[in-house]
Amino acid sequence: MRFIKNFGWGLLFMILLTYALGWYDIVNNNWLTGNWLKDFYKSITYYLGWVLVYWWAFILGGGLLIGILTIGASAIVKAVRK
């Protein structure tokens with residue numbers, strides 16, 4: 001159960017990281033219109049249509065790695081405290 005919680009937090013972190021990198025790509029390619037609602041909609045469609053399609057393995061692998069590292073780090077901290 002603890003691993004699932006840590007995996008969920010890692011997955012959330014990876015989704016936010018890739019969304020931010022998608023925004024960075026949108027800004028660098030000058031795709032912004034100046035209207036925040038259209039830009040937000042464009043960022044969501046870009047994320048769902050490109051980022052998730054091509055980076056899903058990176059997101060899942062990163063979430064898994066973060067989950068494993070946090071479980072390992074907590075086990076090390078518990079061993080040191082004893």
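Residues numbered from 1 in each chain as written. Predicted model: local features only at pLDDT ≥ 70, side-chain atom pairs only at ≥ 80, totals over all residues. Heavy atoms only, no water.

So, about a positive patch on the surface. A cluster of basic residues, R2, K5, K78 and K82, forms a positive patch at the surface. Within the element layout of this structure, K82 appears in the segment after helix 2 (36–81). Using a relative accessible area of 89% as the deciding quantity, one classes K82 as exposed. (Patch = residues over 30% accessible without salt bridge, like charges linked within 9 Å, V, L, I, M, F, W, Y side chains within 5 Å. Areas by Shrake-Rupley, 256 points an atom, 1.4 Å probe, with all protein chains shown as cover. Salt bridge = Lys/Arg side-chain N within 4 Å of Asp/Glu carboxyl O. Lys, Arg positive; Asp, Glu negative; His and termini not counted. Charge placed at Lys NZ, Arg CZ, Asp CG, Glu CD. Helix = DSSP H or I, 4+ residues; strand = E, 2+ residues; numbered from the N terminus. Buried < 20%, exposed > 50% of the residue type's maximum accessible area, 1.4 Å probe, protein only.)

As a further point, take unusual backbone geometry. Glycine aside, a negative phi is what most residues show, and trans is what most peptide bonds show. Of note, N30 is a non-glycine position whose phi angle comes to about 55 degrees, a positive value. By relative accessible area, N30 is classed as exposed at 66%.

What follows deals with the nonpolar core. Ranked by size, the top nonpolar core spans seven residues in total: M14, Y19, I26, Y46, Y47, V51 and I59. Among the elements of the structure, helix 1 (2–28) and helix 2 are those that each provide at least two residues to this core. With residues up to four places along the chain from it excluded, the contact list for Y46 reads G22, D25, I26, W31 and V51. (Core = buried A, V, L, I, M, F, W, Y, C linked by side-chain atoms within 4.5 Å. Contact = heavy atoms within 4.5 Å.)

The next subject is the packing of aromatic side chains. By the definition in use, this model includes six aromatic pairs. With 5.5 Å between their ring centres and 70 degrees between their planes, W31 and Y46 make a pair best called edge-to-face. Highlighted residues: W31 in the loop between helix 1 and helix 2 and Y46 in helix 2, separated in sequence by 15 residues. Taking relative accessible area as the criterion, W31 reaches 36% and is therefore assigned partly exposed. A relative accessible area of 13% places Y46 in the buried class. Taken together, the ring pairs connect W31, Y46, W50 and Y54 into an aromatic cluster. (Phe/Tyr/Trp six-rings, centres within 6.5 Å; stacked < 30°, edge-to-face > 60°.)

What follows concerns helix 1. Between its first and last C-alpha, helix 1 extends 39 Å over 27 residues, near the 39 Å set by a 1.5 Å rise per residue. If you check which residues of helix 1 are buried, you get N6, G10, M14, T18, Y19, G22 and I26. Packing partners of the buried residues in helix 1 comprise helix 2. Positioned one or two residues after helix 1, N30 has a phi angle of 55 degrees, which is positive. (Expected span 1.5 Å × (residues − 1).)

One can find D39 in helix 2. K42 provides the closest opposite charge to the buried, salt-bridge-free D39, at an N-O distance of 5.4 Å. A distance of 2.8 Å separates the side chain of D39 from the backbone nitrogen of T33, its partner in a polar contact. A polar side-chain atom of D39 sits 3.4 Å from the main-chain amide nitrogen of G34. For D39, the contacting residues outside a window of four places in its chain are W23, L32, T33 and G34. (Polar contact = N/O pair within 3.5 Å; in protein donor to acceptor, adjacent residues only side chain to side chain.)

Treat this as a map of the structure, not an account of what it does.
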